[in-house]
Amino acid sequence: QIPEESIKSLLASDKPADKKKGEAAVAAGADPDDDRPMTDIFVAYLKKEGVSVKGDEKVEVGQLKATQQEIKAGKTFGMANAYYEGKYDPTKKPIIISSDNHILDGHHRWSAMLTADPEAKMNVIRIGIPMKKILEKSFEMPGVFRADLQDNIIEPDAPIDLAREPSSTWQQKGKWYAKDKDGKASGPYESEKAAKNHVGKKEG
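Within any chain, residue numbers begin from 1 and follow the written order of that chain's sequence. Totals for whole chains, interfaces and linings use all residues, but because this is a predicted model, local features are given only for residues with pLDDT of at least 70 and pairs of side-chain atoms are given and counted only at 80 or more. Side-chain measures here rest on the full set of heavy atoms in the structure, leaving out hydrogens and waters.

## Some thoughts on the overall build of the protein
How we decide: Segments assigned H or I by DSSP are reported as helices when at least four residues long, segments assigned E as strands when at least two residues long, and all are numbered from the N terminus. When a residue's accessible area, from a 1.4 Å probe over protein chains only, is under 20% of the maximum for its type it is buried; when over 50% it is exposed; and in between it is partly exposed. When checking whether two residues touch, look at their non-hydrogen atoms; a contact exists if any pair is within 4.5 Å. In this tally, Asp and Glu contribute negative charge and Lys and Arg positive charge; neither His nor the terminal groups of the chain are included. Where a charge lies is defined by one atom per residue type: Lys uses NZ, Arg uses CZ, Asp uses CG and Glu uses CD.
When helices and strands are tallied, the protein shows 7 helices and 9 strands. Referenced to the eigenvectors of the C-alpha coordinate spread, the extents of the protein come out at roughly 65 × 35 × 35 Å. Taking all 204 residues of the protein together, 39% fall into the buried category. For the protein, the proportion of contacts with a sequence separation of at least 24, taken over those separated by at least 6, is 63%. Mean positive and mean negative side-chain charge positions of the protein (33 and 34 charges, respectively) differ by 3 Å.

## Thoughts on the sheet that holds strand β8 (residues 175–179)
What counts here: Any two strands between which DSSP finds at least two bridges are classified as paired. Angles here are taken between N-to-C directions and fall from 0 to 180 degrees, while the axes themselves are lines fitted to C-alpha atoms, restricted in helices to the stretch in contact.
Spatially, the 3 strands line up as an open sheet ordered β7-β8-β9, and their pairing is antiparallel. Two strands close off the open sheet at either side, each with one partner strand: β7 (168–172) and β9 (185–189). When strand polarity is set aside, the average angle formed by the axes of neighbouring strands in this sheet is 25 degrees. Summarising the sheet, β7 and β8 pair through 5 bridges and their orientation is antiparallel. Looking at β8, one finds that Trp170 is bridged to Tyr177.

## Thoughts on the pairing of β8
Of all 5 residues in β8, 4 are buried; the element is thus mostly enclosed. Between β7 and β8, which follow one another and run antiparallel, lie 2 residues, and Lys173 among them has a positive phi close to 50 degrees. When β8 meets β9, the two strands line up antiparallel, connected through 3 bridges. From the neighbouring strand, Ala178 faces β9, where its bridge partner is Ser186. Following β8, the chain reverses through 5 residues before pairing antiparallel with β9; Gly183 in that reversal takes a positive phi of roughly 90 degrees.

## Quick notes on the packing of helix α3 (residues 38–48) against helix α6 (residues 131–138)
The description of two helices packed together rests on the angle between their axes and the distance between the axes. Note the following rule: Note on angle classes: values under 35 degrees are labelled roughly parallel, values over 145 roughly antiparallel, values of 65 to 115 roughly perpendicular, and the remainder oblique. By the convention adopted, Pro, Cys, Tyr, Trp, Phe, Met, Ile, Leu, Val and Ala count as nonpolar, Lys, Arg, Asp and Glu as charged, and the other residues, Gly among them, as polar.
α6 packs onto α3 with a crossing angle of 105 degrees between their chain directions and a minimal axis gap of 11 Å. As far as their axial angle goes, α6 and α3 are roughly perpendicular. Residues Phe42, Tyr45 and Leu46 of α3 touch α6, and the partners they reach there are Ile134, Lys137 and Ser138. Classifying every residue of the contact of α3 with α6 gives 4 nonpolar, 1 polar and 1 charged.

## Concerning the pattern of salt bridges
Close approach of charged atoms allows side chains of opposite charge to pair. The condition is simple: Here a salt bridge means any side-chain nitrogen of Lys or Arg lying within 4 Å of a carboxyl oxygen belonging to Asp or Glu.
This model, assessed by the stated rule, comprises 7 salt bridges. Glu57 is the salt-bridge partner of Arg126, the closest N and O atoms lying 2.9 Å from each other. Residue Arg126 is found in strand β4 (residues 121–127), and its partner Glu57 is found in strand β1 (residues 53–60); the two are separated by 69 residues along the sequence. Exposure remark for Arg126: the relative accessible area of 17% places this residue in the buried category. On the basis of relative accessibility, which here comes to 26%, the residue Glu57 falls in the partly exposed class. Ionic pairing is found between Glu136 and Lys133, a salt bridge with its closest N-O pair at 3.8 Å.

## Quick word on the environment of Asp89
As a reminder of what qualifies: In protein, a polar contact requires one atom able to donate a hydrogen and another able to accept it; more generally it is a pair of N or O atoms within 3.5 Å, and residues adjacent in sequence count only if both atoms are side-chain atoms.
With respect to the helices, strands and loops of the structure, Asp89 is situated in the loop between α4 (73–84) and β2 (95–97). For Asp89, a relative accessible area of 28% gives the class partly exposed. Considered as a pair, Asp89 and Asp117 are 28 residues apart in the sequence and their alpha carbons are 11 Å apart. Polar side-chain contacts of Asp89 include one of 2.7 Å to the side chain of Thr91.

## Examining helix α5 (residues 107–116)
Counting buried positions over the 10 residues of α5 gives 8, a clear majority of the element. Among all positions of α5, only His107, His108, Arg109, Trp110, Ser111, Ala112, Met113 and Ala116 are buried. Those residues of α5 that are buried are in contact with α4, β2, β3 (103–105) and β4.

In structure tokens:
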């Protein structure tokens, strides 16, 4: 989760779900008094890491690809209907995409336009690395947390799979994780050796 809102506004919100997100971001290291949108903070973080970011591009809706599996139909159709009625244009505010045209932020605006006019062009901010690398970097940024479609916060120690190969191991925020030969991720483990032992790569 990289909310479009600032952490400060989420914490001050009357909506319990927003406040919960703000608290999760603070627990993950965000500054509770920062009034910048989290998406802006993340883009600035990537630039500081030496990643190129360009914001003067338009891309046809049909050329963009979803990163998340689940999209809320009600939100999508509401935006699409507002577009048809001339009340709202989802293409104006830039969505954030990767070098390989995957969407980081703006899925519902994209899905609304995919429904209403797939040949339209959307304003985008393009980050100059593939989506998998963006996700890996996002998990290292203070304030980034995970939640499911129902906005339930996912425990920070839960494995971050990122479509890793079976029998692989990886480090996540200083802890070790593993994926067995059947594709099930687990952890954390106290060491790389323990993680490798779990997937059958015996050491020592």
